[in-house]
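# Architecture at a glance
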Amino acid sequence: MVGECRLLHDTVAGIWLLLADDKPHADHDGLGAAEVDQACQWASTVLTDEGVTCHGWTARADHGGGVEYVADLTGEC
């Protein structure tokens, strides 16, 4: 079971990255940085296809001064 899933936009590569426990899990290069809702929907679909239920995403500051999105895998958020 995955402990934490995070979604962030890599501005250098221009892709959205889905990380599972801080390890690269999937990426999407067809969405821009401003397309947050679509990126969250894509990441939720990736998780669902793998049998992981995502109840939503919460924005928080990342260590680089940007924003990352954390998956609610418990339904408690």
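Let me begin by describing the structure that accompanies this report. As the structure is a prediction and not an experimental result, all values here were calculated from the model.

## Quick word on the packing of aromatic side chains
Scanning all chains against the criterion turns up one aromatic pair. With 6.3 Å between their ring centres and 50° between their planes, W16 and Y69 make a pair best called tilted. Taken as a pair, W16 in strand β2 (residues 15–20) and Y69 in strand β5 (residues 67–71) lie far apart in primary sequence, 53 residues in all. Note on accessibility: W16 and Y69 belong to one class, buried.

## Let's talk about the nonpolar core
Note on soluble globular proteins: their nonpolar side chains tend to be buried together. Counting residues in hydrophobic clusters, the biggest one holds 19 residues, and the most contacted among them are L7, W16, L18, L47 and W57. Looking at this core, the element that brings in the most residues is helix α1 (residues 36–49), giving seven residues. Ignoring sequence-local partners within four residues, the contact set of L47 consists of C5, L18, V52, C54, W57, A71 and L73.

## Side note on the side chain of H9
Residue placement: H9 occurs in strand β1 (residues 5–10). Contact partners of H9, with chain neighbours within four places excluded, come to G14, I15, W16, L31, G32 and A33.

## A look at unusual backbone geometry
Although it is not a glycine, D21 sits at a positive phi angle of roughly 50°. Positive phi is not limited to glycine here, since D22 has a value of about 65°. Locating D22 in the fold gives a position in the loop between β2 and β3 (23–28). Judged by relative accessible area, D22 falls into the exposed class, the value being 55%.

## With respect to the sheet that holds β1
Spatially, five strands are ordered β3-β2-β1-β5-β4 in an open sheet, and the strand pairing comes out antiparallel. The open sheet terminates on both sides in strands that have one partner only, identified here as β3 and β4 (57–61). With strand direction ignored, the average angle separating the axes of adjacent strands in the sheet is 30°. The pairing of β4 with β5 spans five bridges and is classified as antiparallel. Opposite A61, over in β5, you have V67 as the bridge partner. Along the sheet, α1 makes contact with β1, β2, β3, β4 and β5, crossing β2 at roughly 40°.

Cut-off values and rules
- Residues numbered from 1 in each chain as written.
- Predicted model: local features only at pLDDT ≥ 70, side-chain atom pairs only at ≥ 80, totals over all residues.
- Heavy atoms only, no water.
- Phe/Tyr/Trp six-rings, centres within 6.5 Å; stacked < 30°, edge-to-face > 60°.
- Helix = DSSP H or I, 4+ residues; strand = E, 2+ residues; numbered from the N terminus.
- Buried < 20%, exposed > 50% of the residue type's maximum accessible area, 1.4 Å probe, protein only.
- Core = buried A, V, L, I, M, F, W, Y, C linked by side-chain atoms within 4.5 Å.
- Contact = heavy atoms within 4.5 Å.
- Pairing = 2+ DSSP bridges.
- Axes fitted to C-alpha atoms, helices over the stretch in contact; angles between N-to-C directions.

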